Each structure stands twice: as structure tokens, then as C-alpha cells.
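# Descriptive analysis of the structure
One letter stands for each residue in the lines below.
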Amino acid sequence: MKVLRDTWLVFGRYWGLFIHNPVWVAIGVVQPLLYLLLFAPLLSSIAKTPGFPAGGAYNVFVPGLLVQLGMFGAAGVGFSLIAELRMGVIERLRVTPVSRVSLLLGRALRDILSIVIQSLILIVLALPFGLSINPIGVVVVLALIALIGLLTASIAYAAALWLRSEDSYAPLIFTSSLPILLLSGVLLPLGLAPRWLRSIAALNPLSYAVDAARAVFLGHLDDPSVVRGVALMAVLAILAVFLGARAFGRAVA
Amino acid sequence: MPVDANAIETRGLRRVFKSRGRVVEAVAGVDLTVRNGEIFGFLGPNGAGKTTTLRMLATLLRPSGGTATVAGADLLRQQGRVRERIGYVGQAGGSDREIMGRTELVFQGRLYGMSLAAAQKRAAELIEMLELEACADRKVATYSGGQKRRLDIGLGLVHDPQLLFLDEPTTGLDPQSRARVWDEVRHMHDRGTTVFLTTHYLDEADALCDRIAIIDRGKIVTLGSPEELKREVAGDLVTLSVKGDQRAALNLLEAQPFVREAATEEGLVRLYVDRGEVAMPAILRLLDSAGMQLVTIGLQRPSLDDVFLRKTGRSLRETAA
């Protein structure tokens, strides 16, 4: 009960800070929108290539964009935490009896909510281009994106608490997220990739999330890849929450 | 918590940091007793271990060794209980620049389990008490240094803790804001709150604290009231001159039991005594009855800097960067 109450309080604080600056939602949507407008049209011509899944270019491409949104939307959340460390806010919160898990979850929920809103906007914007999806599919995909957000945000917060400076946090986040994204088949399906690239990608948990999202948008909700992707993200997210909460418990300013 | 228990008791408190393969002992075995209701000062140069000790006692840092009882709860086993009973104001403060002062106070109250209504009521009380009415509904980024520091202290007082930790509460403040913070600390003291503060200002320790511990290189080098510490070092210095020959006055006073050392120098008699305020009337009486006419008399008391110099072999002013 205390954890729920504390999480709700912490969420309220950070959501309040966030809606005072809704510009971030807009920035979060602009990038995928540019992909949608300026990159996706290229796909129509290669959608007939062997290895490209059937079902329409947008039903293949939008799931990748959503996964990317889930990850990039949460990878940068550590910056604000580092600013708070400097202001002594985190130290002040850690002296109160507030639950350490709540310090992480309350913030991560804010991040997840903003990612889910951006994802919905993106899905709606992609409909006129020919994206098709059913209501259950939307729920499953949003849950998957939320888990990716929770996983990424928890790791990002742990990294920020560990590194404590933007100068080391920024390179770590950007150099690690790019290969993870490229090796997940976000932009183009890995069915097009040479065998060696596919074997490396098989080690990347995020590629299973992309597979799951794609299966949902192609109307294969009962495909085993959906359960596999969601379950894998759920397990990793739980582990990351433990890691992040531990970091909040031990942070040394 | 029983009324007669001490606010803080530590035994062999230690903290070791590892950095680049080297082991640094920041706090090297601190034994300390802070009594309920007193203002206790932790004085020492930067890097002496003041903040590390404070952070351990406030549950922010796990001790590498030793035991401690803080506000009646075991520091190592009952962290939750310690947190409920203490307030802490760190060097950086703790309020967010982008949030309004009142919002911060209400949120802090909620974290201690208050209902929204109770937290709002408490925030209003603190805003009045700390005279933050003018800025409470503005973002902290617009506050003056003194307003910000008072808000940060307010955040530490929201749940009316029995023990308040202040880490260098006046560093970086102008003299007026500094005096204002001193007043607040005295008010807390009057209400029965125990205050544990760190400082590297001698005058602050002298003006505010009931008792002081001087810490250097992770160890407490001396502990006592400012008066006791100063007396222990050198005693007070009484300087006087009489009409005629100073030798006669010296011979007379040198023989008195309350005089530790005496000498004449440049036509002045210098006497080191235990307590100047008691010695002076006695000196006046003695000279009077011996028929000697006093021309000048002055009393000079040792400063805490003299104490620090004597105990550590260094001047605090040199070490406090």
C-alpha cells in the first residue's frame, strides 16, 4: 500500500513538471513523423523485395518506429535526474521514509505515460497512409511499448545515478542505443539482412520486441512471437526496475 | 523514545571510500554523544570528514564500521524509523528550481504520510514562520539566496523532526541572511529540537553551539562547549598597566592562585588566567588594597581558531579553502 501511495505521489510531482513543458511531447512526435513522411515512402518500392514481409509497407515500418519511440523516448530521462542530483533533490527525497522503488517507478510511470501518448499520436497519424490495426492490437502494442519504456527508463536512471554527470551519461546512452536499435530491425526487417547480421540480432532482446510489434500490426495476434516478445520485455523490465531501485537506495551524492 | 535518552550516540563509526585502487578512510572511528535539545556543532576544514559523518547519521551513506543510535533508533537496522524522526538539509539545499516553494513543502509533507489537507496546512505554517509569503507561490529559481536557504530548512522541518541535521547551513550566504538562519536555528532550539550542524566558520560554531566537536582527518580531536575548549587551550589574557613600576604589580599578581602565567612586556603586565571575567574584579581589589593605581586594563579571550591550531597544528583559516 505504501509503495502504491508513494509511487502515485512521486508520479504526480514529475507529471506536474512534465505538463508544464509539453514541448517535449511535440519533440518526441516530430522525429517519428519525419520518418513517416520522408522515409516510409521509400519502402513502398522495396516492399516487393524477397524477404520483406507481406502486409504493406506501413504495417511493417510503423511497429519499428513505435519501438524506437519507446526506447529513445526513455533513454534521455537520466538528464533531468542528473540536474536533480546537483540541486540536492534526490538526496532530500532519500532522507524521507519514501519507498526507494517508488522513487524509480513514479518517475518511470511519467515517462511511460508520455511515450504511450506519443505512440497513440503516431498510430493515428499513420492511419491515412494505410496502417491497419484492430483495437486489441493497439492495446497489446501499447503494453509492449510501455514495457520497453519501463526497461529503458530504469536502466537510464540507474546509469545516471551511477555516472552523475551529463558528460559521461550522454556518450554512454547514445553509443549504446544506436547499435541496439540497428540490430533490432527497427528500420528494415531483418529478413532482408545477411545471415551473420541476423545471428547477431538474435542476441538482441529488442529484436524480439520488434518482431512482436510487427506480428500484431500484420494481424497475427496469435503468432508465438507476440507472447515471446511481450514476455521477454516484461522479464527484462522487472530486472531493470530492481536495478534502478537499488541505485536509488544507494546513490551517493 | 525516552525523554532522557541522547539524540545521537555513535561508537567507532567509520567510513572507507575506494577511489582508483586507493582506500581512503574518510571517517576513522568517531565516538560521539549528542544530548537531546542541544545545538551541536561539527567543526573542521573541508575534507575532514564532517559531511561524511553527517550523511551516515542521516541514513544517506552506509557506515563501513561501528554502531550508532540516532533519535532513539538503530542506524543500521531501523533506517525507516530514523528517517521518520530526523530532518536533513544538505549543502545543495534540495528544492527544485522549476517548482514553487509551497508545492515543494506540500509534497514533502505528503512523503511523510500527511493527508493533502494536513500537508497544505503545515506548508502555510512554515511559510509564515520562515517569512516566505512573498515568494512561496513562485518558482524557486526566482528566490534570493536567503529565501532559498530558508525554504530548504523548511523542507527539513515539515514533519517537525526531533533531530535536525544542517550541513553548512550558512555557506555562501550574505551576512544578513546568515544572521537570519542563526535566528531560525535558535528558534528550533527553543522549541526543543536537537540541531546537529556542520560548519567551517568559527564564529558560527561559537555563536550558535552549546557544544562543539572539532574533527580533523576523520577523527574527533576535541569536544566540549566553546567556552571549555577555549579555556583549555590558553586561558584568557588580562593585560594591565599601573602607575609607576610594573614589577611591583607583577610580583603581587604572579603569586595569586588563579594566575597561570605572568610577564611584563613593553610597560604592560600580561596575565594568563582561567576565567577572565572572575579574575578581573579580584585583580582590581588586590591592586587597590596594595595602594597601586591602575591605568589600563583589558581582557582578551582565545578564539576557536587558537583551539584548532593547538589541536591540529594547523590554522583553520588556512585549511578552509
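Provided above is the structure to which this section pertains.
In this numbering scheme, every chain counts its residues from 1 along its sequence in written order. Just so you know, chain letters begin at A and ligand numbers begin at 1, following the order they were written in. Local features in this predicted model are restricted to residues of pLDDT 70 or higher, and side-chain atom pairs are both shown and tallied only at a pLDDT of 80 or more, whereas totals for entire chains, interfaces and linings draw on every residue.

### Quick notes on the overall build of chain B
Operational definition: In this text, helices come from DSSP runs of H or I with a minimum length of four residues, and strands from runs of E with a minimum of two, each type numbered from the N-terminal end. Contact between two residues is assigned when their C-beta atoms, built from the backbone, lie within 7 Å.
In terms of helices and strands, chain B carries 12 helices and 14 strands. For chain B, the C-alpha atoms occupy an extent of roughly 75 × 50 × 40 Å along the three principal directions. A separation threshold of at least 6 residues defines the contact pool for chain B, and within that pool the share at least 24 residues apart is 68%.

### Digging into the packing of helix α3 (residues 57-75) of chain A against helix α6 (residues 100-126) of chain A
All names here are of chain A. Inclusion rule: Throughout, an axis means a line fitted to C-alpha atoms (over the contacting stretch in the case of helices), and angles, computed between N-to-C directions, take values from 0 to 180 degrees. Just so you know how the angles are binned, under 35 degrees is roughly parallel, over 145 roughly antiparallel, 65 to 115 roughly perpendicular, and the rest oblique. Handedness of each helix crossing follows the sense of rotation of the near helix against the far helix: counterclockwise by less than a right angle gives left-handed, clockwise gives right-handed. For this scheme, ten residues count as nonpolar: Ala, Val, Leu, Ile, Met, Phe, Trp, Tyr, Cys and Pro. Four count as charged, namely Asp, Glu, Lys and Arg, and the remainder, Gly too, count as polar.
The N-to-C vectors of α3 and α6 enclose an angle of 160 degrees; their axes lie 10 Å apart at closest approach. Between α3 and α6, the angle falls in the class roughly antiparallel. Judged by the twist between their axes, the crossing of α3 over α6 is right-handed. Together, Tyr 58, Val 62, Leu 65, Leu 66, Leu 69, Gly 70, Gly 73 and Ala 74 of α3 and Asp 111, Ile 115, Gln 118, Ser 119, Leu 122 and Ala 126 of α6 make up the contact between the two elements. For the contact of α3 with α6, the residue count by class is nine nonpolar, four polar and one charged.

### A closer look at the sheet that holds strand β10 (residues 219-224) of chain B
Residue and element names in this part refer to chain B. Going by this rule: We call two strands paired when DSSP finds no fewer than two bridges between them.
The strand order β6-β7-β8-β3-β9-β10 describes an open sheet built from six strands, whose pairing is mixed. In this open sheet, the two edge strands, each paired with only one partner strand, are β6 (86-89) and β10. Averaged over neighbouring strand pairs, the angle between their axes works out to 15 degrees when direction is ignored. Here four bridges tie β6 to strand β7 (residues 163-167), and the two strands are oriented parallel to one another. Across the sheet, the residue bridging to Gly 87 is Leu 164, located in β7. Its contacts with the sheet place helix α1 (residues 50-57) against β3 (39-43), β7, β8 (194-199) and β9 (211-216), and it is angled at close to 150 degrees to β7.

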